[in-house]
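Fold and geometry: a report
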Amino acid sequence: MLSGVALATWSLLQQSAPYLWIGLLVAGMIHEFVSSAAIVHYLGRQRFSAVLWAAALGVPLPLCSCAVIPAARSLQRKGASRGATVAFLISTPETGADSIGISYALLDPFLTIIRPGAAFITALLAGCVELLWGDPPEKNSESQGGGDASDQTLVGENADARAPRPLLQRLRNACDYALGELLGELSKVLLLGFLLAGLVSYAVPATWILGHLSASAWAMPLAWLLGIPMYICATASTPLVAVLLAKGLNPGAALVFLLSGPATNTATIAVVHQLLGRRSLLIYLGSITLAAFGFGAAANAFYHAHGPLLVVNPMLATQHAPGLGSSAAALALVLAMLYHLVMR
């Protein structure tokens, strides 16, 4: 059993490590090149407009549920409000330019269109609920700890703007922040999350999924139960769902899995709890669940009224074994996380 869980965890690391490295680098670039003034202006206010901007910003970004964690953390430190942070954490992993393209290739036009639309609306819903019922702003991270801290941050950035540094130095600073401070902060919860996700992946075989996620009343609840704890990014989930659709999975359950799976996994849940607290985590999971079931029911109603429009190609919907680059990225990620854990 231990070897099976280890292999499953390693497979998940191979799938996710390249995207997580991208997310870390994006976070480093945000930290170094995006001013706190701009983040505070567009995302820092406790208003609907900040949630709207954050949800729209996340839709095209090709970051998975783990890759979005460092990017969202960097935005939060720059001054993004809690509502905007929650919206960004949902819209970014649920869809992206890459997942929209593969959805168009493997799924039908309706699912291709409703998927990013559902991600955007889910992010708006969660962000607005966070604004109304989340913890007050003063309980947020150090980036919103008070006016004096923000003023000092902006003054420091203005000083940096008056004395611009060379581009290579700024790129180095971005990498230092991403691979040092940020990865060190996230290493423990990420490693634990991957181990738990590997256990779930090993314990739930594919034959069981195919046998139980058919066209039945339990399909959507089971798709949700599988999607919440498992790690699977928006792009990687599309071929799997296309195969399941070809084998009889109902469209509503497919959409539930496409919305809940990429936006949640044990690593993301742990980090959201760490960054925003228990109340925000409940809002995060509750909004995703409510929206996923609502859009899933709407999808089933649409197909019931208009007939089977699904056009999927199971031959195209096949998973390819991770290449040497994915294995190298996974090994580097494990070594980096262990380094931070040992050093700390």
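Residues numbered from 1 in each chain as written. Predicted model: local features only at pLDDT ≥ 70, side-chain atom pairs only at ≥ 80, totals over all residues. Heavy atoms only, no water.

So, the overall build of the chain
Here is the rule we go by: Segments assigned H or I by DSSP are reported as helices when at least four residues long, segments assigned E as strands when at least two residues long, and all are numbered from the N terminus. Three exposure classes are used, based on accessible area relative to the maximum for each residue type with a 1.4 Å probe and protein chains only: buried under 20%, partly exposed in between, and exposed over 50%. The contact criterion used is simple: two residues touch if any of their non-hydrogen atoms lie within 4.5 Å.
Secondary structure assignment for the chain yields 16 helices and 0 strands. Per-residue burial over the chain gives 50% buried out of 344 residues. Restricting to contacts in the chain with at least 6 residues of sequence separation, those with at least 24 account for 88%.

With respect to the packing of aromatic side chains
To keep it simple, the criterion reads: Pairing of aromatic side chains requires ring centres within 6.5 Å, counting the rings of Phe and Tyr and the six-membered ring of Trp. Pairs whose planes differ by under 30 degrees are stacked, by over 60 edge-to-face, and all others tilted.
Taken as a whole and judged by the stated rule, the model has 5 aromatic pairs. For the pair F110 and F302, a centre-to-centre distance of 3.9 Å together with 5° between the ring planes defines the contact as stacked. With F110 in helix α7 (residues 109-133) and F302 in helix α15 (residues 278-306), this pair connects stretches of sequence that are 192 residues apart. A centroid spacing of 5.4 Å and a plane angle of 85° characterise the contact between F110 and Y303, whose relative ring orientation is edge-to-face. Taken together, the residues F110 in helix α7 and Y303 in helix α15 connect sequence positions 193 residues apart. Given the relative accessible area of 9%, Y303 is considered buried. Each residue in the set F110, F302 and Y303 is aromatic and connected to the rest through ring pairs, giving one cluster.

Quick word on helix α13 (residues 251-263)
Cut-off, in case you're wondering: In this scheme, a helix's expected span is set at 1.5 Å multiplied by one less than its residue total. Definition of a polar contact: a pair of N or O atoms within 3.5 Å, with one able to donate and the other able to accept a hydrogen when the atoms are protein atoms, and with sequence-neighbouring residues admitted only if both atoms are side-chain atoms.
Counted at 1.5 Å a residue, the expected span for α13 with its 13 residues is 18 Å, and the 19 Å between its end C-alpha atoms agrees. Burial of α13 is extensive: 13 of the 13 residues sit out of reach of the surface. Of the residues that open α13, the one with a side-chain oxygen 3.1 Å from the backbone nitrogen of G252 is N250.

Structural notes on the environment of W21
Its location among the elements puts W21 in helix α1 (residues 2-33). Put simply, W21 and A330 are 309 residues apart on the chain and 9.4 Å apart in space, counted from C-alpha to C-alpha. Only 3.0 Å separates the side chain of W21 from the backbone oxygen of A329, close enough to count as a polar contact.

Here's the deal with the confidence of the model for the chain
For clarity, the cut-off: In predicted models, pLDDT denotes the confidence assigned by the predictor to each residue on a 0 to 100 scale.
Residues with a pLDDT of 70 or more make up 82% of the chain, whose mean pLDDT is 80. Confidence drops under pLDDT 50 across residues 311-319; counting only partners more than four residues distant or on other chains, this segment forms 19 contacts.

Brief notes about the nonpolar core
We apply this condition: Among buried residues, those of type Ala, Val, Leu, Ile, Met, Phe, Trp, Tyr and Cys that are joined through side-chain atoms within 4.5 Å constitute a nonpolar core.
By size, the foremost hydrophobic cluster in this structure holds 61 residues, and its most contacted members are C66, L190, Y284 and L333. Residue contributions to this core peak at 10 residues, all from helix α9 (residues 167-203). Those residues within four positions of L333 in sequence are excluded, and the remaining contacts are L13, A17, L20, W21 and L183. Residues I114, L226, L259 and A292 belong to the second largest nonpolar core, which totals 28 residues.

Notes on the pattern of salt bridges
A side chain of one charge can pair with a side chain of the opposite charge when the charged atoms of the two come close. Applicable threshold: We define a salt bridge as a side-chain nitrogen of Lys or Arg found within 4 Å of a carboxyl oxygen belonging to Asp or Glu.
If you walk through the whole model with that rule in mind, you get 3 salt bridges. With a shortest N-O distance of 2.6 Å, R77 and E181 are connected by a salt bridge. Here R77, found in helix α4 (residues 68-78), pairs with E181, found in helix α9; they are 104 residues apart in sequence, far enough to count as distant. Classification of R77 by relative accessible area gives partly exposed; the value is 21%. Given the relative accessible area of 43%, E181 is considered partly exposed. In this structure, the salt-bridge partner of E130 is R82, at a minimum N-O distance of 3.1 Å. With a gap of 48 residues between them, E130 in helix α7 and R82 in helix α5 (residues 82-94) connect regions that are remote in the sequence. Summarising the burial analysis for this pair, E130 and R82 share the class buried.

Re a nonpolar patch on the surface
As a reminder of what qualifies: Put simply, a patch holds well-exposed residues, over 30% relative accessible area, that have no salt bridge, with like charges counted together within 9 Å and Val, Leu, Ile, Met, Phe, Trp or Tyr side chains within 5 Å. Accessible surface area values rest on a Shrake-Rupley calculation with a 1.4 Å probe, where residue burial reflects the displayed protein chains alone.
A cluster of nonpolar side chains, M1, L192, L196, L199 and Y202, forms an exposed patch at the surface whose accessible area comes to about 490 Å². Tracing the chain through its elements places L192 in helix α9.

Overview of the packing of α1 against α4
Operational definition: Axis definition: a line fitted to C-alpha atoms, limited for helices to the stretch in contact. Angles are taken between N-to-C directions and run from 0 to 180 degrees. By definition in this entry, angles of less than 35 degrees are roughly parallel, angles greater than 145 are roughly antiparallel, angles of 65 to 115 are roughly perpendicular, and the rest are oblique. Handedness of a crossing follows from how the near helix is turned relative to the far one, being left-handed for an anticlockwise turn of less than a right angle and right-handed for a clockwise one. Ten residue types, Ala, Val, Leu, Ile, Met, Phe, Trp, Tyr, Cys and Pro, are classed as nonpolar, four, Asp, Glu, Lys and Arg, as charged, and the remainder, Gly among them, as polar.
Viewed as axis vectors pointing N to C, α1 and α4 meet at an angle of 15°, and their least axial separation amounts to 7 Å. Classed by the angle they form, the pair α1 and α4 counts as roughly parallel. Between α1 and α4 the crossing geometry is right-handed. On the side of α1, the interface is formed by L20, G23, L24, V26, A27, I30 and H31, while α4 contributes P70, A71, S74, L75 and K78. Residues of the contact of α1 with α4, tallied by class, amount to 8 nonpolar, 3 polar and 1 charged.

Some points on the side chain of N250
Locating N250 in the fold gives a position in the loop between α12 (234-246) and α13. Of the polar contacts made by the side chain of N250, one reaches the side chain of N300; its length is 3.5 Å.

Examining the environment of P70
In this fold, P70 is placed in helix α4. Along the backbone, P70 and E185 are 115 residues apart, and their C-alpha atoms lie at a distance of 9.7 Å. Setting aside anything within four residues of it in sequence, one finds P70 in contact with L20, G23, L24, A27, L182 and L186.

Structural notes on the packing of helix α14 (residues 266-276) against α15
Two measures define how a pair of helices packs: the angle their axes make with one another and the distance between the axes. Look at α14 against α15: their axes get within 7 Å of each other, and the N-to-C directions meet at 135°. Classified by the interaxial angle, the pair formed by α14 and α15 is oblique. As α14 packs across α15, the resulting crossing turns out to be right-handed. Contacts between α14 and α15 involve T268, I269, V272, H273 and L276 from the former and R278, S280, L281, Y284 and L285 from the latter.

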